[in-house]
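Examining the three-dimensional arrangement
Here are the chains, one letter per residue:
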Amino acid sequence: MSDFFPLPSLSPPFIWDKGGRVVIFQREPESKNELFSQGEYNVYSTFQSHEPEFDYLKSLEIEEKINKIRWLPQQNAAHFLLSTNDKTIKLWKVSERDKRPEGYNLKDEEGRIKDLSTVTSLQVPVLKPMDLMVEVSPRRLFANAHTYHVNSISVNSDYQTYMSADDLRINLWHLDITDRSFNIVDIKPVNMEDLTEVITAAEFHPHHCNLFVYSSSKGTLRLCDMREAALCDKHSKLFEEPEDPSSRSFFSEIISSVSDVKFSHSGRYLLTRDYLTAKVWDLNMESKPLETYQVHDYLRSKLCSLYENDCIFDKFECAWNGSDSVIMTGAYNNFFRMFDRNTKRDVTLEASRESSKPRAVLKPRRVCAAGGKRRKDDISVDSLDFTKKILHTAWHPTENIIAIAATNNLYIFQDKLNSEMH
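What comes next concerns the included structure. Treat the numbers as computed from the prediction; the structure is a model and nothing was measured. (Residues numbered from 1 in each chain as written. Predicted model: local features only at pLDDT ≥ 70, side-chain atom pairs only at ≥ 80, totals over all residues. Heavy atoms only, no water.)

A look at unusual backbone geometry
As a reminder of what qualifies: Helix and strand definitions here come from DSSP, where helices need a minimum of 4 consecutive H or I residues and strands a minimum of 2 consecutive E residues; each element is numbered from the N-terminal end. Type-normalised accessible area, obtained with a 1.4 Å probe on protein chains alone, sets the label of each residue: buried when under 20%, exposed when over 50%, and partly exposed for intermediate values.
The phi dihedral of Asn-144 is positive, around 60°, even though this residue is not glycine. Mapped onto the fold, Asn-144 is located in the loop between strand 10 (126–142) and strand 11 (152–155). Exposure remark for Asn-144: the relative accessible area of 81% places this residue in the exposed category. Even without glycine at this site, Asp-324 takes up a positive phi of about 65°.

Put into C-alpha coordinates, the structure is as follows:
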(Lines give C-alpha, C1' and ligand atoms only; values in the text may rest on other atoms or scores of the structure.)
Protein backbone atom coordinates (compact mmCIF):
# COMPACT_ATOMS: atom_id res chain seq x y z
CA MET A 1 0.00 0.00 0.00
CA SER A 2 1.58 3.28 -1.11
CA ASP A 3 1.84 6.53 0.80
CA PHE A 4 -0.74 9.28 0.56
CA PHE A 5 -0.22 12.99 0.96
CA PRO A 6 -2.76 15.82 1.12
CA LEU A 7 -3.45 18.18 -1.73
CA PRO A 8 -3.16 21.89 -0.92
CA SER A 9 -6.93 22.27 -0.79
CA LEU A 10 -9.04 20.85 2.03
CA SER A 11 -12.01 20.29 -0.23
CA PRO A 12 -13.61 17.33 -2.05
CA PRO A 13 -15.32 17.45 -5.48
CA PHE A 14 -18.59 18.20 -3.73
CA ILE A 15 -19.69 18.56 -0.14
CA TRP A 16 -22.93 19.24 1.66
CA ASP A 17 -23.74 20.47 5.14
CA LYS A 18 -26.47 20.49 7.75
CA GLY A 19 -27.65 23.85 6.46
CA GLY A 20 -28.82 22.38 3.15
CA ARG A 21 -25.97 23.85 1.08
CA VAL A 22 -24.06 22.05 -1.66
CA VAL A 23 -20.54 23.16 -2.57
CA ILE A 24 -19.01 21.82 -5.79
CA PHE A 25 -15.25 21.91 -6.34
CA GLN A 26 -13.33 21.72 -9.59
CA ARG A 27 -9.78 20.52 -10.08
CA GLU A 28 -7.70 23.20 -11.75
CA PRO A 29 -5.47 22.35 -14.75
CA GLU A 30 -2.19 20.70 -13.86
CA SER A 31 0.85 22.93 -13.48
CA LYS A 32 4.03 21.93 -15.30
CA ASN A 33 6.13 23.96 -12.87
CA GLU A 34 4.98 22.03 -9.81
CA LEU A 35 6.88 19.01 -8.53
CA PHE A 36 3.55 17.26 -8.00
CA SER A 37 1.46 18.00 -11.03
CA GLN A 38 -2.04 17.29 -9.72
CA GLY A 39 -4.09 20.49 -9.84
CA GLU A 40 -5.65 22.10 -6.81
CA TYR A 41 -9.38 21.98 -6.07
CA ASN A 42 -11.17 25.32 -5.98
CA VAL A 43 -14.80 26.29 -5.44
CA TYR A 44 -16.78 25.83 -8.64
CA SER A 45 -20.27 26.60 -7.40
CA THR A 46 -22.27 26.89 -4.17
CA PHE A 47 -26.03 26.66 -3.95
CA GLN A 48 -28.83 26.11 -1.46
CA SER A 49 -30.35 22.70 -2.13
CA HIS A 50 -32.97 22.44 0.62
CA GLU A 51 -34.78 24.83 2.97
CA PRO A 52 -36.43 23.97 6.29
CA GLU A 53 -40.05 22.91 5.85
CA PHE A 54 -42.99 22.13 8.12
CA ASP A 55 -45.40 19.25 7.66
CA TYR A 56 -48.63 20.77 8.97
CA LEU A 57 -50.53 17.51 8.69
CA LYS A 58 -48.14 15.72 11.05
CA SER A 59 -46.92 18.81 12.94
CA LEU A 60 -43.39 17.83 12.02
CA GLU A 61 -40.47 20.07 11.15
CA ILE A 62 -38.41 18.82 8.19
CA GLU A 63 -34.79 19.84 8.47
CA GLU A 64 -32.83 21.22 5.53
CA LYS A 65 -29.95 18.85 6.35
CA ILE A 66 -28.90 16.88 3.27
CA ASN A 67 -28.62 13.11 3.73
CA LYS A 68 -27.25 11.98 0.36
CA ILE A 69 -25.99 13.34 -2.96
CA ARG A 70 -25.48 11.31 -6.12
CA TRP A 71 -24.07 12.44 -9.47
CA LEU A 72 -25.82 11.27 -12.62
CA PRO A 73 -23.56 10.01 -15.43
CA GLN A 74 -22.63 12.95 -17.64
CA GLN A 75 -24.46 12.93 -20.98
CA ASN A 76 -23.52 16.38 -22.31
CA ALA A 77 -21.69 19.52 -21.23
CA ALA A 78 -23.94 19.96 -18.19
CA HIS A 79 -23.77 18.00 -14.95
CA PHE A 80 -26.78 16.65 -13.07
CA LEU A 81 -27.03 15.57 -9.45
CA LEU A 82 -29.66 14.27 -7.04
CA SER A 83 -29.81 15.57 -3.48
CA THR A 84 -32.16 14.59 -0.68
CA ASN A 85 -33.05 15.59 2.84
CA ASP A 86 -35.33 13.49 5.04
CA LYS A 87 -38.33 13.76 2.71
CA THR A 88 -37.71 15.56 -0.58
CA ILE A 89 -35.41 14.60 -3.47
CA LYS A 90 -34.31 17.20 -6.00
CA LEU A 91 -32.64 16.96 -9.41
CA TRP A 92 -30.22 19.81 -10.14
CA LYS A 93 -28.59 20.91 -13.38
CA VAL A 94 -25.13 22.48 -13.21
CA SER A 95 -24.09 24.23 -16.43
CA GLU A 96 -21.67 26.87 -17.70
CA ARG A 97 -22.36 29.99 -19.75
CA ASP A 98 -19.60 32.08 -21.31
CA LYS A 99 -21.58 33.82 -24.08
CA ARG A 100 -24.61 36.08 -24.06
CA PRO A 101 -26.94 37.02 -26.93
CA GLU A 102 -27.07 40.66 -28.05
CA GLY A 103 -29.01 42.51 -30.70
CA TYR A 104 -32.62 41.53 -30.02
CA ASN A 105 -35.25 43.07 -32.24
CA LEU A 106 -38.01 43.40 -29.64
CA LYS A 107 -35.94 43.96 -26.48
CA ASP A 108 -33.49 46.64 -25.49
CA GLU A 109 -30.10 45.97 -23.86
CA GLU A 110 -31.69 45.80 -20.40
CA GLY A 111 -34.30 43.25 -21.49
CA ARG A 112 -37.28 45.59 -21.62
CA ILE A 113 -39.81 45.24 -24.46
CA LYS A 114 -39.39 47.92 -27.12
CA ASP A 115 -42.18 50.02 -28.50
CA LEU A 116 -43.04 48.19 -31.73
CA SER A 117 -43.49 51.47 -33.57
CA THR A 118 -39.80 52.20 -33.10
CA VAL A 119 -38.69 48.93 -34.73
CA THR A 120 -37.89 49.90 -38.31
CA SER A 121 -35.41 47.18 -39.29
CA LEU A 122 -34.55 43.62 -38.44
CA GLN A 123 -31.20 42.41 -37.17
CA VAL A 124 -29.75 39.00 -36.46
CA PRO A 125 -28.86 38.52 -32.74
CA VAL A 126 -25.24 37.57 -32.10
CA LEU A 127 -23.47 35.78 -29.25
CA LYS A 128 -20.84 37.88 -27.45
CA PRO A 129 -18.20 36.48 -25.05
CA MET A 130 -18.74 37.08 -21.34
CA ASP A 131 -17.13 36.03 -18.06
CA LEU A 132 -17.74 32.38 -17.27
CA MET A 133 -20.86 31.95 -15.17
CA VAL A 134 -21.90 28.69 -13.50
CA GLU A 135 -25.66 28.27 -13.34
CA VAL A 136 -27.35 25.81 -10.99
CA SER A 137 -31.05 25.28 -11.56
CA PRO A 138 -33.60 22.83 -10.10
CA ARG A 139 -35.02 20.58 -12.82
CA ARG A 140 -37.20 18.11 -10.89
CA LEU A 141 -38.68 17.84 -7.41
CA PHE A 142 -39.63 14.37 -6.15
CA ALA A 143 -41.75 14.69 -3.01
CA ASN A 144 -44.53 13.12 -0.93
CA ALA A 145 -43.38 9.53 -1.41
CA HIS A 146 -41.68 8.78 1.92
CA THR A 147 -43.34 8.58 5.30
CA TYR A 148 -40.03 7.91 7.04
CA HIS A 149 -36.60 9.49 6.71
CA VAL A 150 -34.79 8.92 3.40
CA ASN A 151 -31.39 7.31 4.06
CA SER A 152 -30.25 6.31 0.54
CA ILE A 153 -30.57 7.25 -3.11
CA SER A 154 -28.97 5.25 -5.92
CA VAL A 155 -28.92 5.92 -9.67
CA ASN A 156 -29.59 2.91 -11.87
CA SER A 157 -27.24 1.77 -14.62
CA ASP A 158 -29.97 2.41 -17.21
CA TYR A 159 -29.51 6.16 -16.45
CA GLN A 160 -33.29 6.59 -16.53
CA THR A 161 -34.36 5.48 -13.07
CA TYR A 162 -33.19 5.73 -9.50
CA MET A 163 -34.36 4.44 -6.15
CA SER A 164 -34.81 6.07 -2.77
CA ALA A 165 -34.94 4.18 0.52
CA ASP A 166 -36.26 5.08 3.93
CA ASP A 167 -36.49 3.02 7.11
CA LEU A 168 -39.25 0.73 5.85
CA ARG A 169 -39.73 1.24 2.11
CA ILE A 170 -37.81 1.53 -1.15
CA ASN A 171 -39.29 3.44 -4.09
CA LEU A 172 -38.33 3.36 -7.76
CA TRP A 173 -38.50 6.65 -9.67
CA HIS A 174 -38.17 7.66 -13.30
CA LEU A 175 -36.02 10.77 -13.63
CA ASP A 176 -38.63 12.44 -15.88
CA ILE A 177 -41.70 11.64 -13.72
CA THR A 178 -42.12 13.47 -10.42
CA ASP A 179 -45.73 12.84 -9.44
CA ARG A 180 -45.50 9.09 -8.86
CA SER A 181 -43.07 6.34 -7.95
CA PHE A 182 -43.28 2.55 -7.66
CA ASN A 183 -42.89 0.91 -4.29
CA ILE A 184 -40.52 -2.04 -4.78
CA VAL A 185 -39.81 -2.99 -1.14
CA ASP A 186 -42.10 -2.62 1.84
CA ILE A 187 -41.12 -4.23 5.15
CA LYS A 188 -43.63 -2.34 7.29
CA PRO A 189 -45.58 -4.84 9.43
CA VAL A 190 -49.34 -4.58 9.86
CA ASN A 191 -48.77 -3.96 13.55
CA MET A 192 -45.82 -1.65 14.22
CA GLU A 193 -45.24 -3.45 17.52
CA ASP A 194 -44.03 -6.40 15.42
CA LEU A 195 -41.29 -4.31 13.81
CA THR A 196 -37.93 -6.03 14.29
CA GLU A 197 -35.65 -4.37 11.70
CA VAL A 198 -35.33 -1.33 9.45
CA ILE A 199 -33.66 -0.64 6.12
CA THR A 200 -30.31 1.11 6.58
CA ALA A 201 -28.91 1.45 3.03
CA ALA A 202 -29.68 0.47 -0.56
CA GLU A 203 -27.79 0.48 -3.86
CA PHE A 204 -28.27 -0.58 -7.48
CA HIS A 205 -25.93 -3.04 -9.18
CA PRO A 206 -23.39 -1.11 -11.31
CA HIS A 207 -24.10 -3.12 -14.49
CA HIS A 208 -27.43 -4.98 -14.20
CA CYS A 209 -30.35 -2.55 -13.97
CA ASN A 210 -32.67 -5.21 -12.55
CA LEU A 211 -30.56 -5.98 -9.45
CA PHE A 212 -30.25 -4.03 -6.23
CA VAL A 213 -29.26 -4.73 -2.65
CA TYR A 214 -30.45 -3.35 0.66
CA SER A 215 -29.11 -3.79 4.16
CA SER A 216 -30.88 -3.94 7.49
CA SER A 217 -30.35 -3.13 11.13
CA LYS A 218 -30.06 -6.88 11.81
CA GLY A 219 -26.86 -7.09 9.78
CA THR A 220 -28.41 -8.85 6.79
CA LEU A 221 -28.14 -8.07 3.09
CA ARG A 222 -30.90 -8.84 0.61
CA LEU A 223 -30.24 -9.00 -3.10
CA CYS A 224 -33.41 -8.43 -5.13
CA ASP A 225 -34.24 -8.95 -8.80
CA MET A 226 -36.95 -6.70 -10.22
CA ARG A 227 -37.59 -9.20 -13.03
CA GLU A 228 -39.06 -11.68 -10.55
CA ALA A 229 -41.86 -9.52 -9.18
CA ALA A 230 -43.06 -5.93 -9.09
CA LEU A 231 -42.84 -5.92 -5.30
CA CYS A 232 -39.49 -7.33 -4.22
CA ASP A 233 -40.48 -8.36 -0.70
CA LYS A 234 -39.09 -11.80 -1.45
CA HIS A 235 -35.37 -11.50 -2.00
CA SER A 236 -33.30 -13.49 -4.48
CA LYS A 237 -30.41 -13.93 -2.05
CA LEU A 238 -29.94 -13.37 1.66
CA PHE A 239 -26.44 -12.66 2.93
CA GLU A 240 -26.14 -13.26 6.66
CA GLU A 241 -23.31 -14.32 8.92
CA PRO A 242 -24.34 -16.71 11.71
CA GLU A 243 -23.81 -15.19 15.13
CA ASP A 244 -21.49 -16.88 17.60
CA PRO A 245 -23.68 -17.52 20.68
CA SER A 246 -20.66 -17.32 22.98
CA SER A 247 -19.94 -13.71 21.95
CA ARG A 248 -23.51 -12.44 22.19
CA SER A 249 -24.07 -9.43 24.43
CA PHE A 250 -26.51 -6.60 25.02
CA PHE A 251 -24.82 -4.64 22.23
CA SER A 252 -24.67 -7.43 19.63
CA GLU A 253 -27.66 -6.30 17.58
CA ILE A 254 -26.62 -2.64 17.66
CA ILE A 255 -23.06 -3.21 16.48
CA SER A 256 -24.15 -5.69 13.80
CA SER A 257 -26.41 -3.13 12.10
CA VAL A 258 -25.08 -2.39 8.60
CA SER A 259 -24.53 1.34 8.14
CA ASP A 260 -23.40 1.24 4.48
CA VAL A 261 -23.31 -1.16 1.53
CA LYS A 262 -21.42 -0.68 -1.75
CA PHE A 263 -21.16 -2.83 -4.85
CA SER A 264 -17.64 -3.26 -6.19
CA HIS A 265 -16.97 -1.64 -9.56
CA SER A 266 -16.90 -5.11 -11.12
CA GLY A 267 -20.30 -5.94 -9.59
CA ARG A 268 -18.98 -9.22 -8.19
CA TYR A 269 -18.61 -8.19 -4.53
CA LEU A 270 -20.40 -6.28 -1.82
CA LEU A 271 -18.65 -4.13 0.79
CA THR A 272 -20.49 -3.51 4.04
CA ARG A 273 -19.69 -1.59 7.18
CA ASP A 274 -21.05 -2.22 10.64
CA TYR A 275 -19.87 -0.56 13.85
CA LEU A 276 -16.67 -2.53 14.40
CA THR A 277 -15.91 -4.24 11.08
CA ALA A 278 -15.88 -3.94 7.30
CA LYS A 279 -16.84 -7.05 5.34
CA VAL A 280 -16.50 -8.13 1.72
CA TRP A 281 -19.16 -10.50 0.41
CA ASP A 282 -19.08 -12.57 -2.77
CA LEU A 283 -22.42 -12.51 -4.60
CA ASN A 284 -22.04 -16.26 -5.13
CA MET A 285 -21.60 -17.06 -1.42
CA GLU A 286 -24.42 -16.14 0.94
CA SER A 287 -23.40 -18.12 4.04
CA LYS A 288 -20.55 -15.91 5.27
CA PRO A 289 -18.42 -12.95 4.20
CA LEU A 290 -15.42 -13.59 1.99
CA GLU A 291 -13.28 -11.22 4.08
CA THR A 292 -13.71 -9.51 7.44
CA TYR A 293 -11.60 -6.54 8.51
CA GLN A 294 -11.44 -5.25 12.07
CA VAL A 295 -11.71 -1.46 11.89
CA HIS A 296 -11.37 -0.61 15.58
CA ASP A 297 -11.70 -3.79 17.59
CA TYR A 298 -10.02 -2.02 20.52
CA LEU A 299 -13.40 -0.33 21.15
CA ARG A 300 -15.07 -3.60 22.09
CA SER A 301 -14.28 -3.00 25.76
CA LYS A 302 -15.70 0.54 25.48
CA LEU A 303 -19.16 -0.34 24.15
CA CYS A 304 -20.91 0.55 27.39
CA SER A 305 -19.61 4.12 27.45
CA LEU A 306 -20.12 4.43 23.68
CA TYR A 307 -23.74 3.43 24.19
CA GLU A 308 -24.20 6.04 26.89
CA ASN A 309 -22.87 8.86 24.70
CA ASP A 310 -24.75 7.57 21.60
CA CYS A 311 -21.56 7.06 19.59
CA ILE A 312 -22.48 3.40 19.14
CA PHE A 313 -25.21 4.59 16.73
CA ASP A 314 -22.77 6.42 14.43
CA LYS A 315 -23.12 5.40 10.78
CA PHE A 316 -19.76 4.99 9.02
CA GLU A 317 -19.54 4.80 5.24
CA CYS A 318 -17.10 2.69 3.23
CA ALA A 319 -15.51 2.90 -0.23
CA TRP A 320 -13.72 0.82 -2.87
CA ASN A 321 -10.72 1.96 -4.85
CA GLY A 322 -10.96 1.90 -8.65
CA SER A 323 -9.61 -1.65 -9.02
CA ASP A 324 -11.57 -3.09 -6.05
CA SER A 325 -8.27 -4.13 -4.45
CA VAL A 326 -8.33 -1.71 -1.49
CA ILE A 327 -11.19 -0.67 0.78
CA MET A 328 -11.45 2.40 2.99
CA THR A 329 -13.62 3.46 5.92
CA GLY A 330 -13.58 5.96 8.76
CA ALA A 331 -13.04 5.75 12.51
CA TYR A 332 -12.73 8.04 15.54
CA ASN A 333 -10.09 10.64 16.41
CA ASN A 334 -10.15 11.71 12.73
CA PHE A 335 -8.56 8.38 11.80
CA PHE A 336 -9.42 6.46 8.66
CA ARG A 337 -8.49 2.90 7.78
CA MET A 338 -7.37 1.33 4.50
CA PHE A 339 -7.15 -2.43 3.86
CA ASP A 340 -5.31 -4.01 0.93
CA ARG A 341 -7.24 -7.13 -0.10
CA ASN A 342 -4.29 -8.67 -1.96
CA THR A 343 -1.43 -8.19 0.51
CA LYS A 344 -3.69 -8.17 3.62
CA ARG A 345 -1.81 -5.11 4.81
CA ASP A 346 -3.71 -2.32 6.55
CA VAL A 347 -2.91 1.20 7.64
CA THR A 348 -4.43 3.81 9.93
CA LEU A 349 -4.05 7.43 8.78
CA GLU A 350 -5.15 10.72 10.31
CA ALA A 351 -6.97 13.60 8.65
CA SER A 352 -6.19 16.70 10.68
CA ARG A 353 -4.72 20.13 10.10
CA GLU A 354 -1.73 19.31 12.29
CA SER A 355 -0.75 16.10 10.51
CA SER A 356 -1.93 16.92 6.99
CA LYS A 357 0.17 19.80 5.76
CA PRO A 358 0.21 20.10 1.95
CA ARG A 359 2.76 17.83 0.23
CA ALA A 360 3.66 16.08 3.48
CA VAL A 361 3.40 12.29 3.47
CA LEU A 362 0.87 10.99 5.98
CA LYS A 363 2.42 8.96 8.77
CA PRO A 364 0.68 5.74 9.81
CA ARG A 365 -0.93 5.91 13.25
CA ARG A 366 -1.45 3.11 15.75
CA VAL A 367 -3.97 2.82 18.56
CA CYS A 368 -2.83 0.96 21.65
CA ALA A 369 -5.46 -1.02 23.54
CA ALA A 370 -5.91 -0.29 27.21
CA GLY A 371 -3.18 -1.98 29.23
CA GLY A 372 -1.10 -2.83 26.16
CA LYS A 373 2.48 -1.85 25.45
CA ARG A 374 2.80 1.58 23.90
CA ARG A 375 5.35 2.65 21.34
CA LYS A 376 6.61 6.18 20.97
CA ASP A 377 3.92 7.55 18.61
CA ASP A 378 1.08 5.26 19.68
CA ILE A 379 -2.13 6.74 20.97
CA SER A 380 -4.02 5.11 23.82
CA VAL A 381 -7.61 4.04 23.26
CA ASP A 382 -8.46 6.09 26.37
CA SER A 383 -7.14 9.22 24.63
CA LEU A 384 -9.31 8.93 21.53
CA ASP A 385 -11.57 11.90 20.82
CA PHE A 386 -14.99 10.48 19.97
CA THR A 387 -16.31 13.88 18.86
CA LYS A 388 -13.87 13.76 15.94
CA LYS A 389 -15.18 11.09 13.62
CA ILE A 390 -14.86 10.34 9.91
CA LEU A 391 -18.25 9.15 8.73
CA HIS A 392 -17.99 10.07 5.03
CA THR A 393 -15.28 8.89 2.65
CA ALA A 394 -15.01 8.66 -1.15
CA TRP A 395 -12.50 7.25 -3.62
CA HIS A 396 -11.96 8.51 -7.17
CA PRO A 397 -13.22 5.84 -9.64
CA THR A 398 -10.07 5.82 -11.78
CA GLU A 399 -7.32 7.62 -9.84
CA ASN A 400 -5.77 7.11 -6.41
CA ILE A 401 -7.39 10.21 -4.96
CA ILE A 402 -9.55 10.07 -1.85
CA ALA A 403 -11.83 12.58 -0.14
CA ILE A 404 -12.25 12.60 3.63
CA ALA A 405 -14.82 14.58 5.63
CA ALA A 406 -13.58 15.17 9.18
CA THR A 407 -16.00 17.15 11.34
CA ASN A 408 -16.09 20.61 9.70
CA ASN A 409 -12.94 20.12 7.59
CA LEU A 410 -12.56 18.32 4.30
CA TYR A 411 -9.39 16.83 2.89
CA ILE A 412 -8.26 15.42 -0.40
CA PHE A 413 -5.31 13.03 -0.46
CA GLN A 414 -3.55 11.63 -3.49
CA ASP A 415 -1.20 8.73 -3.96
CA LYS A 416 2.40 9.91 -3.76
CA LEU A 417 3.67 7.26 -6.19
CA ASN A 418 1.13 8.16 -8.86
CA SER A 419 1.85 11.87 -8.63
CA GLU A 420 5.58 11.31 -9.03
CA MET A 421 5.08 9.22 -12.19
CA HIS A 422 3.01 11.91 -13.96
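Overview of the side chain of Ser-215
We apply this condition: Counted as a polar contact is a pair of N or O atoms within 3.5 Å, where, for protein atoms, one must be capable of donating a hydrogen and the other of accepting one, and residues adjacent in sequence contribute only when both atoms are in side chains. Whether two residues are in contact is decided by their heavy atoms: any pair within 4.5 Å suffices.
Among the secondary structure elements, Ser-215 is positioned in strand 16 (residues 211–216). Assessed through its relative accessible area of 0%, Ser-215 is described here as buried. A distance of 2.7 Å separates a polar atom in the side chain of Ser-215 from a polar atom in the side chain of Thr-200. The residues contacting Ser-215, other than those within four sequence positions of it, are Val-198, Ile-199, Thr-200, Ala-201, Thr-220, Leu-221, Val-258 and Val-261.

Let's talk about the environment of Pro-125
Looking at where Pro-125 falls in the secondary structure, it is placed in the loop between strand 9 (89–102) and strand 10. With sequence-adjacent residues up to four places away left out, Pro-125 is seen in contact with Glu-102 and Gly-103.

Regarding the sheet that holds strand 11
In any sheet, the strands associate via hydrogen bonds between backbone groups, in a parallel or an antiparallel arrangement. Worth spelling out the cut-off: DSSP bridges decide pairing: two strands pair if at least two such bridges lie between them. Under this scheme, a helix contributes an axis fitted over its contacting stretch, all axes are lines through C-alpha atoms, and angles between N-to-C directions fall in the 0 to 180 degree range.
Pairing within the open sheet is antiparallel, and its four strands lie in the order 11-12-13-14. In the strand order of this sheet, the two ends are held by strand 11 and strand 14 (182–186), each with one partner. Taking the axes of each pair of neighbouring strands and ignoring which way they run, one obtains an average angle of 20° across the sheet. One ladder, built from four bridges, connects strand 13 (residues 169–174) with strand 14; its direction is antiparallel.

Description of the nonpolar core
For clarity, the threshold we go by: Put simply, a nonpolar core is a bunch of buried Ala, Val, Leu, Ile, Met, Phe, Trp, Tyr and Cys residues held in one set by side-chain atoms that sit within 4.5 Å of each other.
Tyr-275, Leu-299, Leu-306 and Leu-384 are the most contacted members of the largest nonpolar core, which totals 29 residues. Contributing elements (two or more residues each) for this core: strand 20 (269–273), strand 21 (277–282), helix 2 (303–308), strand 23 (318–320) and strand 25 (335–340). Sequence-distant contacts of Leu-299, defined by excluding residues within four places in its chain, comprise Tyr-275, Leu-276, Leu-306, Tyr-332, Val-381, Leu-384 and Phe-386. The next biggest cluster of nonpolar side chains, apart from the first, holds 16 residues, and it includes Phe-336, Leu-362, Ile-390 and Trp-395.

The values are spatial; any link to function lies outside them.
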